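Chain and residue survey
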Amino acid sequence: MTDLAPSADRPAELPDLPDLPAGLLDRAAALDAADPLARYRDLFAPSEGLIAYLDGNSLGRPLTATRERLASFVDGPWAARLIRSWDEGWMDAPTELGDTLGRVALGAAAGQTVVADSTTVLLYKLARAAVDARPGRRVIVADTENFPTDRFVLQGIAAERGLELRWITPDAESGVTPEEVAAAVGPDTALVLLSHVAYKSGYIADLPAITRIVHDAGALVLWDLCHSAGSVPLDLDADGVDIAVGCTYKYLNGGPGSPAFAYLAAGLQDEVRQPVQGWMGAADPFAMGPDYEPAAGIRQLISGTPPVIGMLPMRDMLALISEAGMPAVRAKSQALTGFAIEVVDEYLAGVRVASPRDPERRGSHVMLDHPDFKRVVAEAWARGVVPDFRPPQGLRVGLSPLSTSFTEVANGLWVIRDLLG
Ligand SMILES: *Cc1c(COP(=O)(O)O)cnc(C)c1O
């Protein structure tokens, strides 16, 4: 169980900004008072001078508990036990933590999720494995609005394997539809790679419908869950997903560069071979044998020595999410993004909402659009309001449900309004 008593160094109360209308403050305060998850906010480490953190979708805030976890790791498993710790938990950490992550955030039964590498590297390993598992099919389907690394990795694989990339060009303010996927796939298609939640618009793709369409074409689907894991409930097993990868430093608060995760459905684990054959993913790493023989099950996705330290912080966040429950996390996420849109509509003249207004199709961030946002984001950071900028003129408001209050959203957007002049 998590200790929900406020930490000794809980963040200072948010300042009331001078000209914030009473109606807006009261509305935010009422939402905070009615928020069943409000108390979780006190469990995050304070941040000096922060008025509003609007980028929890890019780098989640650290939990106070993580400080103690890291310190006791140095003194305990590392300093006291040294190399013996590999036999006392470190070797199994990628799959043991993967199982926890699968259960808490992915809807994945044990034995199908591993924590390793970075998202970019796992995308490469799994996309390469997928196209090799569909020999004779020469097309990879992806979309032009996906995150750069996803597109770049596929460009590399297409060149390496002599395959064709077929691009879907979705509406930039929503995302890839089932109809667009149906029109793009066929008997020539090996793999479809899409993001579940679009990193710019926040649009939630229809994962169950698209997965069925891809399967009907005989292809494999790889879902990028970077902006879903920890904010939008997933049901990978029930939806028949083949492969998924995602980040742990966004809504799972694993810290900068924390390792990524990969899901590979049990039914594919004998069929799919990843290309980075390393000793730690071999059947018997310490046999030091002459030839590579992959480990059974999900362990085969491991290449090198597991990043044990990088796996520590996300454990604290997974414990909180497990306790709160993904449905409650999702409900708060929808309420936060809905409130942000309400404030923009009412008070931020000239700013356009470039995200879905339907809460069922919206992830946990809202993209706003205005020609001055490049300047505004730089100035906002200096004032303790931290969204991020996405070219050409987007300001992204990422609202991590357990660490963000409604008052914080009101204050942050008010500073942005002020900076727009
Ligand atoms: C954040 C993000 C990544 C990041 O990949 P890294 O290898 O961790 O840098 C990849 N894909 C998507 C869709 C993302 O949102």
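Residues numbered from 1 in each chain as written. Predicted model: local features only at pLDDT ≥ 70, side-chain atom pairs only at ≥ 80, totals over all residues. Heavy atoms only, no water.

What to know about unusual backbone geometry
Residue Pro-392 follows Pro-391 across a cis peptide bond; omega there is 5 degrees. The backbone of Leu-82 sits at a positive phi, close to 50 degrees, despite the residue not being glycine. Note on placement: Leu-82 falls in the loop between helix 2 (64–80) and helix 3 (93–106). Non-glycine residue Asn-253 carries a positive phi angle of around 55 degrees. (Helix = DSSP H or I, 4+ residues; strand = E, 2+ residues; numbered from the N terminus.)

Some thoughts on the side chain of Ser-201
Looking at where Ser-201 falls in the secondary structure, it is placed in the loop between strand 5 (189–195) and helix 7 (207–216). For Ser-201, a relative accessible area of 1% translates into the label buried. A distance of 2.6 Å separates a polar atom in the side chain of Ser-201 from the backbone oxygen of Ser-174. (Buried < 20%, exposed > 50% of the residue type's maximum accessible area, 1.4 Å probe, protein only. Polar contact = N/O pair within 3.5 Å; in protein donor to acceptor, adjacent residues only side chain to side chain.)

Describing the pairing of strand 3 (residues 139–143)
Along any regular strand, the residues point their side chains to alternate faces of the sheet. Among the five residues that make up strand 3, five are buried, leaving the element largely enclosed by the rest of the structure. Burial of the side chains of strand 3 extends over both faces: Val-139, Val-141 and Asp-143 are buried on one face and Ile-140 and Ala-142 on the other. Pairing between strand 3 and strand 4 (residues 164–168): five bridges, direction parallel. From the neighbouring strand, Val-139 faces strand 4, where its bridge partner is Glu-164. Note: strand 3 against strand 5, three bridges, orientation parallel. Each bridged residue has a counterpart across the sheet, and for Val-141 the counterpart in strand 5 is Val-192. (Pairing = 2+ DSSP bridges.)

Some points on the site of the ligand
Residues in contact with the ligand amount to 13 residues; listed here are only the nearest, Thr-120, Asp-150, His-227, Tyr-249 and Lys-250. Between the ligand and Thr-119, the relevant distance is 3.5 Å, taken from an oxygen atom to a main-chain nitrogen or oxygen of the residue. Within the complex, the protein chains bury 87% of what would otherwise be the 390 Å² of accessible surface of the ligand. Elements represented by at least two residues in the shell around the ligand include exactly helix 4 (119–132) and helix 5 (148–161). Residue composition of the shell around the ligand, by class: four nonpolar, six polar and three charged. (Near = heavy atom within 4 Å. Areas by Shrake-Rupley, 256 points an atom, 1.4 Å probe, with all protein chains shown as cover. Nonpolar A, V, L, I, M, F, W, Y, C, P; charged D, E, K, R; others polar.)

Regarding helix 8 (residues 312–324)
Buried within helix 8 we find Leu-312, Pro-313, Met-314, Asp-316, Met-317, Leu-318, Leu-320, Ile-321 and Ala-324. Next to the buried residues of helix 8 lie helix 2, helix 3, strand 2 (113–116) and helix 9 (326–347). Backbone geometry just downstream of helix 8 places Gly-325 in the positive-phi region, at approximately 90 degrees. (Contact = heavy atoms within 4.5 Å.)

Comments concerning the pairing of strand 13 (residues 394–398)
In terms of residue burial, strand 13 counts as a mostly covered element, since five of its five residues are buried. Residue alternation in strand 13 divides its side chains into two sets, Gly-394, Arg-396 and Gly-398 and Leu-395 and Val-397, and both sets are buried. Here strand 10 (residues 365–369) pairs with strand 13 via five bridges, running antiparallel. Among the inter-strand pairings, His-365 is bridged to a residue of strand 13, identified as Gly-398. Two elements, strand 12 (residues 388–390) and strand 13, share three bridges in a ladder whose sense is antiparallel. Residue pairing across strands places Phe-389 opposite Leu-395, the latter belonging to strand 13.

Describing the packing of helix 1 (residues 22–33) against helix 9
Relative orientation of the contacting elements helix 1 and helix 9 amounts to 175 degrees, with a least axis distance of 12 Å. When the axis of helix 1 is compared with that of helix 9, the two are roughly antiparallel. Taking contact as the criterion, the partners of Leu-24, Arg-27, Ala-28 and Leu-31 in helix 1 are, on helix 9, Phe-339, Glu-342, Val-343 and Tyr-347. Among the residues making up the contact of helix 1 with helix 9, the classes are represented as six nonpolar, no polar and two charged. (Axes fitted to C-alpha atoms, helices over the stretch in contact; angles between N-to-C directions. Parallel < 35°, antiparallel > 145°, perpendicular 65-115°, else oblique.)

Details of the sheet that holds strand 13
Within the open sheet, the four strands sit side by side as 9-10-13-12. Their pairing is antiparallel. Among the strands making up the open sheet, the edge pair consists of strand 9 (352–353) and strand 12.

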